[in-house]
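# Chains, contacts and geometry: an overview
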Amino acid sequence: MEEAIPFKNLHSREYQGHKKKVHSVAWNCTGTKLASGSVDQTARVWHIEPHAHGKTKDIELKGHTDSVDQLCWDPKHADLIATASGDKTVRLWDARSGKCSQQADLSGENINITYRPDGTHIAVGNRDDELTILDVRKFKPIHRRKFNYEVNEIAWNMTGEMFLLTTGNGTVEVLSYPSLHPLDTVMAHTAGCYCIAIDPKGRYFAVGSADSLVSLWDISEMLCVRTFTKLEWPVRTISFNHTGDYIASASEDLFIDISNVHTGRTVHQIPCRAAMNSVEWNPKYNLLAYAGDDKNKYQADEGVFRIFGFDSA
């Protein structure tokens, strides 16, 4: 039986550190650090204590020469983080020192990055719909493939044997891994599929689409279980909480929807002031990080992200 979260008693905290808007937020595997990637060409790593108040330590990751569009942590190592940038590089960093340990120069502007669950490979997608698989140890491409359709977000299933891509055709392409042979084409939505999330229990994946719907799929049957219909704008970002009981989704609507995965009902909405770029639940606690296009009163980027889930006490 799922735990009922007292959403009404929870509030958000704001974290300020970037000079321009934050595109991506991601938690490390232990849930103790959060990384933020920004248009200001930097990433930052924040040490977050779930129950503590007071100043948060952060460290800046400098070196990219274009926007840091997406980042992801090594699923097996709490201090290693990979960043994908418009400068055509992918970089691996040590979050303790803030130093870049590896760099791969690729062919296009990178917008998507994800680790295989066993930590051995990284997949990178660029603006030209090209997928590159990097071997993490050598940090060299072992596979490149260009697709003749719009590829949006990419993900491995929990075992790492299946690779999923959301496309501009409204489909989810399912490939076997490591061969990348096509297994299935899931006709998921009537408009482009933008984002994908895998339930941490490995039962479902969720897809967010330009048709403003989020669909939930049984991963073993490839059948749609239900849809979430609260948003009215194209869905940009989705995330399951650590128990797999709740899903957060966001768009240009001025709220983040949190719904019960099993009933499809909205349990809470977090108000926000701008379109959201990234939402991600902590892998251990019910803390939701989110970042968007927030502007200050002078219409300049605020460069903030927030975390929802702190006790109001």
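All chains use their own residue numbering, which begins from 1 and follows the written sequence. Local features in this predicted model are restricted to residues of pLDDT 70 or higher, and side-chain atom pairs are both shown and tallied only at a pLDDT of 80 or more, whereas totals for entire chains, interfaces and linings draw on every residue. Side-chain metrics rest on all non-hydrogen atoms present in the structure, leaving aside hydrogens and water.

### Observations regarding the sheet that holds strand β21 (residues 223-228)
The line we're drawing: In this description, strands pair whenever DSSP reports at least two bridges between them. Strands are runs of DSSP state E lasting at least 2 residues, helices are runs of H or I lasting at least 4, and numbering of each runs from the N terminus. Throughout, an axis means a line fitted to C-alpha atoms (over the contacting stretch in the case of helices), and angles, computed between N-to-C directions, take values from 0 to 180 degrees.
Taken together, four strands build an open sheet; the order of strands is β18-β19-β20-β21 and the sheet is antiparallel. Both edges of this open sheet fall to β18 (193-198) and β21, since each of them pairs with a single strand only. The average angle at which neighbouring strand axes cross in this sheet is 25°, direction not considered. Strand direction decides the pairing type here: strand β20 (residues 214-218) and β21, joined by five bridges, are antiparallel. From the neighbouring strand, Ser-215 faces β21, where its bridge partner is Thr-227.

### Focus: the packing of aromatic side chains
The condition that has to hold: Each Phe, Tyr or Trp ring (for Trp, its six-membered ring) is paired with any other whose centre lies within 6.5 Å, and the angle between the two planes then decides the class: stacked below 30 degrees, edge-to-face above 60, tilted in between. Per-residue accessibility, obtained with a 1.4 Å probe over protein chains only, is compared with the maximum for each type, and a residue is labelled buried under 20%, exposed over 50%, and partly exposed between these values. Here, over-ring charges are defined by two tests on the NZ atom of lysine or the CZ atom of arginine: distance to the ring centre within 6 Å, and angle to the ring normal within 35 degrees.
According to the stated counting rule, one finds ten aromatic pairs in the structure shown. Geometrically, the ring pair formed by Phe-147 and Tyr-149 is tilted, given 5.5 Å between the ring centres and 40° between the ring planes. Residue classification places Phe-147 among the buried residues on the basis of a relative accessible area of 8%. Ring pairs connect the aromatic residues Phe-7, Tyr-246 and Phe-308, which therefore count as one cluster. Above the plane of the ring of Phe-310 lies Arg-13, whose end atom (NZ or CZ) is 3.7 Å from the centre.

### Topic: the UniProt feature "repeat: WD" (unreviewed entry) in the protein
This is how the line gets drawn: UniProt positions are given in the numbering used here, feature names are shortened, and annotations may be inferred rather than shown by experiment.
Within the UniProt annotation, "repeat: WD" (unreviewed entry) is assigned to residues 15-49, 61-103 and 186-227. Between the end C-alpha atoms of residues 61-103 there is a gap of 13 Å, over a span that is 0% helix and 56% strand. As annotated, residues 186-227 has a helix share of 0% and a strand share of 57%, and its two end C-alpha atoms lie 15 Å apart.

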